[in-house]
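Examination of the molecular architecture
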Amino acid sequence: MNHLAHVFLAPDSAECRVGSILGDFCRGVDLSALPDKVQEGVRHHIAVDVFTDSHAEVLASKRLFSAQRRRFAGVALDVLYDHYLLRHWQSFSPASRDAFVHRVYQELQHNEHLMPAPMVRVTRHMVRHDWFGAYQNLNNVGDALDRVAERIRFPNQFAGIIDEIRANDVHLEQNFLRFFPQLQSFARQT
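As a starting point, this report considers the structure included with it. Along each chain, residue indices are assigned from 1 in the same order as the chain's sequence is written. For a predicted model such as this one, the threshold for reporting local features is a pLDDT of at least 70, and the threshold for listing and counting side-chain atom pairs is 80 or more; totals across whole chains, interfaces and linings nevertheless cover every residue. Each side-chain value is derived from all of the structure's non-hydrogen atoms; neither hydrogens nor water enter the calculation.

**So, the pattern of salt bridges**
- What makes a salt bridge here is a side-chain nitrogen of Lys or Arg within 4 Å of a carboxyl oxygen of Asp or Glu, nothing more. Within the structure shown, the criterion is met by 10 salt bridges.
- Salt-bridge contacts for Asp 12 lead to Arg 103; the nearest nitrogen and oxygen are separated by 3.9 Å. Separated by 91 residues along the polypeptide, Asp 12 in the loop between helix H1 (3-9) and helix H2 (14-22) and Arg 103 in helix H7 (residues 97-110) bring together distant segments of the chain.
- Measuring nitrogen to oxygen at the nearest pair gives 3.7 Å for the salt bridge that ties Asp 98 to Arg 97.
- Three labels apply to residues, based on accessible area from a 1.4 Å probe with only protein chains included: buried if under 20% of the type maximum, exposed if over 50%, partly exposed otherwise in between. The class of Asp 98 is exposed, set by a relative accessible area of 53%.
- Residue Arg 97 is classed as partly exposed on the basis of its relative accessible area, which comes to 24%.
- Put simply, Asp 12, Arg 17, Arg 103 and Glu 107 are held in one network by salt bridges that share partners. Strands are runs of DSSP state E lasting at least two residues, helices are runs of H or I lasting at least four, and both sets are numbered from the N terminus onward.

Here's what the structure looks like:
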């Protein structure tokens with residue numbers, strides 16, 4: 001899952017939500033030095049990723065991608081699932097999507113002291129450029145994925161993966177809609 005889904009699914013505290021993003025930045029971080037709620041958020045992040053990576057609907061979605069791009073399908077799905085979450089927000093939460101995003105951005109800004117430097121850089125960029133708002137538009141998802149492709153340090157065919165997403169959008173969205181309620185239920189119990 002990507003950042004929006006992780007903070008959405010995290011236990012309801014600012015520190016847990018910070019930890020839910022920190023799960024992508026914790027290499028080399030002494031987690032034991034962080035508050036318990038941040039550690040809980042990191043553990044939650046890992047559990048959500050393990051559940052997601054082994055789920056039948058996610059595996060079926062990965063198989064929709066061409067052989068040359070399948071290696072990167074998980075990365076593409078992470079960002080795409082934020083798009084689908086935003087698209088279907090009212091199916092998953094009675095809370096205002098915009099109010100939730102605004103609150104998360106504020107929490108990230110107020111809790112930078114809990115983050116390693118690489119995470120601070122990313123979250124500042126995330127807030128400044130409103131990544132969560134941008135992911136409402138599928139074109140922006142494609143742009144974000146192309147930026148990821150540029151950072152890959154070996155020759156790849158990841159750029160342009162949005163074309164395969166568009167070609168399979170109906171199936172990918174249906175798979176997400178079957179998968180996400182199960183993930184939500186799992187996340188509440190974790």
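Still more ground to cover, so stick around.
**Some points on unusual backbone geometry**
- Within the chain, Asp 130 stands out as a residue other than glycine whose phi angle is a positive 45°.
- Structurally, the position occupied by Asp 130 is in the loop between helix H8 (117-128) and helix H9 (131-134).

**Side note on the layout of surface pockets**
- A cavity, in this analysis, means grid points on a 1 Å lattice covering only the protein atoms where a 1.4 Å probe fits yet has no way out; a pocket is instead an open set bounded by protein on both sides within 12 Å along at least five of seven lines, and a residue lines either one if it has an atom within 4 Å of a point. Grid points are joined across faces, edges and corners, and a volume is the space filled by probe spheres set on the points. Its volume calculated, the largest pocket comes out at about 780 Å³.
- Along its surface, the largest pocket is lined by 27 residues, and Asn 2, His 3, Val 75, Val 148 and Arg 151 are the ones closest to its centre.
- Listed by contribution, the elements that provide at least two residues to the lining of the largest pocket are helix H3 (36-54), helix H4 (56-62), helix H5 (73-87) and helix H10 (138-151).
- Broken down by element, the lining of the largest pocket gets its largest block of residues, 6 residues, from H5.
- The class makeup of the residues in the lining of the largest pocket is 15 nonpolar, 5 polar and 7 charged.
- Counted as a void, the second largest pocket has a volume near 280 Å³.
- As for the second largest pocket, its lining consists of 16 residues, and the residues nearest its centre are Phe 8, Leu 9, Ala 10, Asp 12 and Phe 100.
- For the lining of the second largest pocket, the elements supplying multiple residues, two or more each, are H1, H7 and helix H12 (169-189).
- Residue composition of the lining of the second largest pocket, grouped by class: 9 nonpolar, 3 polar and 4 charged. Gly falls in the polar group here, along with every residue not listed as nonpolar (Ala, Val, Leu, Ile, Met, Phe, Trp, Tyr, Cys, Pro) or charged (Asp, Glu, Lys, Arg).

Bear in mind that shape data such as this cannot, by itself, settle questions of function.
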